[in-house]
Amino acid sequence: MHIPDGFLTPNAWVPTWAIAIGWISYCLKKTRAILNDKTIPLMGVMSAFIFAAQMVNFPIAGGTSGHLLGGVLAGVLLGPYAGSLVIAVVLTTQCLIFQDGGLTALGANIVNMSLIGTGGGYLIYKLLNSSLPGAVGKKIGIIAASWFSVLLAATACSLELAFSGTIPLKVVLTAMVGVHAFIGIGEAIITFLVLSYVLKVRADLVYSYQLVEVSHE
Amino acid sequence: MNKRDILIGLGIALLVAMILSPFASPHPDGLERVAEDNGFLEKGEVEPIVYSPIPDYTFPGIHNEKVATAAAGIAGTLLVFVLGYGLAKVLKIK
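1. Comments concerning the state of the cysteines
All names here are of chain A. Under the definition given, this model contains zero disulfides over all chains. Cys-95 takes part in no disulfide bond, and the closest cysteine sulfur, belonging to Cys-157, lies 15 Å away. For Cys-157, a relative accessible area of 0% translates into the label buried.

Right under this line is the structure:
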């Protein structure tokens, strides 16, 4: 979902850059407060894993592929702020080193996948988690939040494209939501499998679980 | 997170980059598909604003496409690991 240069006009990419800078600044401030000896290396490891996983496009119907965005994965493991920073580090590296996503569109890509995909995805996870208690609730929360995070990011991307006059909103929204409804299934499966593995081997590393631990002490 | 955990985590990421990424689906992704179907894909074919050392995840100078992708994957995975770790370290110091 990385928007290249040329898809967005300045009236879309300038404001999204401003929102992205605001979001990153806020995340830096919030992350500083929660960093500990566990989360510092985990930010490196998660950046590495999400970058690697984003390279592995999986096929969906109609000669189209998708790949993990990793917003909910990073958000549940590191919390929404550090998780958003990890996604922003990955997006910036992809843009500057690998020509994946444009420099003018980097702000929009950060808004879509870091602010909305990670921050928004985490919010959905939290809401579902508190309304559906227990281990089953957590699982449903992870799966549903992953799927919705992709859909929401695709919706934001559609709005930016339409705002740029690149394509009418109705056309792009239908097409983007249609294809990402399938890509979101892949996102949910990968996120669920990876989080299940981490929860099994090192549950103490998971941000939302650490909060539970702290409140019990 | 001790040294062993870090190495395991980074090792898994490197394995994904090295072994899985060369076999990734070559089909266009969701956004590219929508752009192609609706005739605005060529809008994105502008001159890049910045010079990217490893464009399109293909490590320059390696002729075998799968090896070039794996090499790009390893380089990128190590780079973002250092950047993510480094950012967290800097944030903690300040």
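2. Digging into the packing of aromatic side chains
Residues and elements named next belong to chain A. Overall, the coordinates contain eleven aromatic pairs over all chains when judged by the stated rule. Seen from their ring centres, Tyr-122 and Tyr-207 are 6.0 Å apart, and the 65° between their planes marks the pair as edge-to-face. Of this pair, Tyr-122 sits in helix H5 (residues 106-131) while Tyr-207 is found in helix H8 (residues 207-216), placing the two residues 85 residues apart along the sequence. Here Tyr-122 and Tyr-207 have matching classes, each one buried.

3. A short note on the pattern of salt bridges
Inspection of the entire model under this criterion finds five salt bridges over all chains. Notably, a salt bridge pairs Arg202(A) with Asp204(A), separated by 2.9 Å at the nearest N-O pair. A salt bridge links Arg33(B) to Glu36(B); its shortest N-O distance comes to 3.8 Å. With Arg33(B) and Glu36(B) both in helix H2 (residues 30-37) and three residues apart, the pair spans about one turn of that helix. Using a relative accessible area of 17% as the deciding quantity, one classes Arg33(B) as buried. Judged by its relative accessible area of 42%, Glu36(B) is partly exposed. Salt bridges linked by common partners bring Lys38(A), Arg202(A), Asp204(A) and Asp5(B) together as one network.

4. So, the nonpolar core
Residues Met1(A), Leu73(A) and Leu161(A) are the most contacted members of the largest nonpolar core, which totals 86 residues. Broken down by element, this core gets its largest block of residues, eleven residues, from helix H2 (residues 39-54) of chain A. Residues contacting Leu161(A), with those up to four places away along its chain left out, are Phe7(A), Leu8(A), Thr166(A), Ile167(A), Val172(A), Leu31(B) and Phe40(B).

5. Let's talk about the interface of chain B and chain A
On the side of chain A, 63 residues touch chain B, which itself brings 54 residues to the contact. Together chain B and chain A conceal approximately 4800 Å² of surface at their shared face, both sides included; 73% is due to carbon and sulfur atoms. At the surface where chain B touches chain A, the tally comes to one salt bridge. Contributing elements (two or more residues each) for the side of chain B that touches chain A: helix H1 (3-20), H2 and helix H3 (65-93) of chain B.

6. Digging into the side chain of Glu160(A)
One can find Glu160(A) in helix H6 (residues 134-163). Buried charge without a salt bridge: Glu160(A), with Lys43(B) as the nearest opposite-charge side chain at an N-O distance of 14 Å. Residues within four places of Glu160(A) in sequence aside, it is in contact with Ile3(A), Leu8(A), Ala12(A), Thr16(A), Ala108(A), Val111(A) and Asn112(A).

Cut-offs applied
- Residues numbered from 1 in each chain as written.
- Chains lettered and ligands numbered in written order.
- Predicted model: local features only at pLDDT ≥ 70, side-chain atom pairs only at ≥ 80, totals over all residues.
- Heavy atoms only, no water.
- Disulfide = S-S within 2.5 Å.
- Buried < 20%, exposed > 50% of the residue type's maximum accessible area, 1.4 Å probe, protein only.
- Phe/Tyr/Trp six-rings, centres within 6.5 Å; stacked < 30°, edge-to-face > 60°.
- Helix = DSSP H or I, 4+ residues; strand = E, 2+ residues; numbered from the N terminus.
- Salt bridge = Lys/Arg side-chain N within 4 Å of Asp/Glu carboxyl O.
- Core = buried A, V, L, I, M, F, W, Y, C linked by side-chain atoms within 4.5 Å.
- Contact = heavy atoms within 4.5 Å.
- Buried area = accessible area lost by both parts, 1.4 Å probe.
- Lys, Arg positive; Asp, Glu negative; His and termini not counted.

Limitation: the analysis is restricted to geometry and does not speak to function.
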